[in-house]
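# Descriptive analysis of the structure
Below, each chain spelled out in residue letters.
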Amino acid sequence: MDFVNFTTVVSVAILSSFSHCVGMCGGFLTLQSLFLRDKNNAEIFLLTAIYHLARIFAYTLLGAIFGAFGGILVFSASSRALLFFIIGILLVLIGAALWLRGGILNFIENGKISKFITQNAIKASKISNIFGFILLGFLNGLLPCGVVYYFAAMAITAASTLKGMLIMLIFGLSTMPAMMSIAVFFRFIDEKFKQIMFKISLVIIISNGIYLTFLGYMANG
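Residues numbered from 1 in each chain as written. Predicted model: local features only at pLDDT ≥ 70, side-chain atom pairs only at ≥ 80, totals over all residues. Heavy atoms only, no water.

Now for the nonpolar core. In terms of nonpolar packing, the biggest core is built from 29 residues, with Val9, Ile87, Val147, Tyr150, Phe151, Met168 and Phe171 touching the most fellow members. The dominant element in this core, judged by the number of residues it contributes, is helix α8 (residues 146–158), at eight residues. For Tyr150, the residues in contact, after removing those within four places along its chain, are Thr8, Val12, Leu91, Ile94, Ile205 and Asn208. With 13 residues, the next largest nonpolar core counts Leu31, Leu36, Ile117 and Ala121 among its residues. (Core = buried A, V, L, I, M, F, W, Y, C linked by side-chain atoms within 4.5 Å. Buried < 20%, exposed > 50% of the residue type's maximum accessible area, 1.4 Å probe, protein only. Helix = DSSP H or I, 4+ residues; strand = E, 2+ residues; numbered from the N terminus. Contact = heavy atoms within 4.5 Å.)

What follows covers α8. Along an α-helix, residues three or four positions apart point the same way, because every turn accommodates 3.6 residues. Counted at 1.5 Å a residue, the expected span for α8 with its 13 residues is 18 Å, and the 19 Å between its end C-alpha atoms agrees. With its phi angle positive at about 55°, Ala159 sits one or two positions after the end of α8. (Expected span 1.5 Å × (residues − 1).)

Here we come to helix α4 (residues 77–100). In a regular helix each residue adds 1.5 Å, so 24 residues correspond to 34 Å; α4 covers 35 Å between its end C-alpha atoms and thus fits that length. Every buried residue belonging to α4 is among Ser79, Ala81, Leu83, Phe84, Ile87, Gly88, Leu91, Ile94, Gly95, Ala97 and Leu98, and all of these are buried. At the C-terminal side of α4, Arg101 shows a positive phi close to 55°.

On to the confidence of the model for the protein chain, then. Taken as a whole, the protein chain shows an average pLDDT of 83; of its residues, 86% reach a score of 70 or greater. Element-level mean pLDDT values for the protein chain span from 64 in helix α5 (residues 103–108) up to 93 in helix α3 (residues 41–73). (pLDDT = per-residue confidence, 0-100.)

Between α4 and α8, the least distance of the axes is 10 Å, while the angle of their chain directions is 170°. If you check the angle between α4 and α8, you find them roughly antiparallel. Each of Arg80, Leu83, Phe84, Ile87, Leu91, Ile94 and Leu98 in α4 lies in contact with α8, whose residues at this interface are Gly146, Val147, Tyr149, Tyr150, Ala153, Ile156 and Thr157. (Axes fitted to C-alpha atoms, helices over the stretch in contact; angles between N-to-C directions. Parallel < 35°, antiparallel > 145°, perpendicular 65-115°, else oblique.)

Our next topic: the packing of aromatic side chains. This structure, assessed with the given rule, holds six aromatic pairs. On the numbers, 4.5 Å between centres and 15° between planes, the contact of Phe35 with Phe133 is stacked. Taken together, the positions of Phe35 in helix α2 (residues 26–36) and Phe133 in helix α7 (residues 130–141) put the pair 98 residues apart, joining distant regions of the chain. Following the ring pairs from residue to residue traces out a cluster consisting of Tyr59, Tyr150, Phe151 and Phe171. One cation-aromatic arrangement involves Lys39 over Phe35; the distance from NZ or CZ to the ring centre is 4.6 Å. (Phe/Tyr/Trp six-rings, centres within 6.5 Å; stacked < 30°, edge-to-face > 60°. Lys NZ or Arg CZ within 6 Å of the ring centre and 35° of its normal.)

Set out below in structure tokens:
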């Protein structure tokens, strides 16, 4: 992964985590808090870290799958150019859907899949041991989300299992500060500032989509 891609992944992940991700994962955070309610501060910190590492493991697994899928699609220079062109358009659509919020976003963040994962998350939350808690974190990582789809698309363009895993791993780790500290200071962040951060991340997503489309177009001559 080059410096530009690394910077893009980290920037979008951090900015969106402090705005979109916390709200998107709010239900899971509520289930998480039920498990932590009788724990002391040290236990809460350790268990929260384990929860989010399970979430990041789910992202990394998705990165491996999408990276491998991209590797299958890229069997020649022309196929790579076409892949970049298509993924670029998809990224622009994802960014626009997240910005406008409407029917397209509802389609992207599939309600049926969300319902299925949420139902299983509720079951996992009723398992009163660490394994149920870890499963809850893992399911959190599988929740349909436009931002996650952006990074999955980036993993596809990497056309490599390892690179796809790396992209999703960096994304997950970059969300840790916001997700770990939500209970402490997130409520003090102004709503307008959250929206500004999120829109900056969407500008980066859309710009990256335009750039990939341009690369694909130029590579095809």
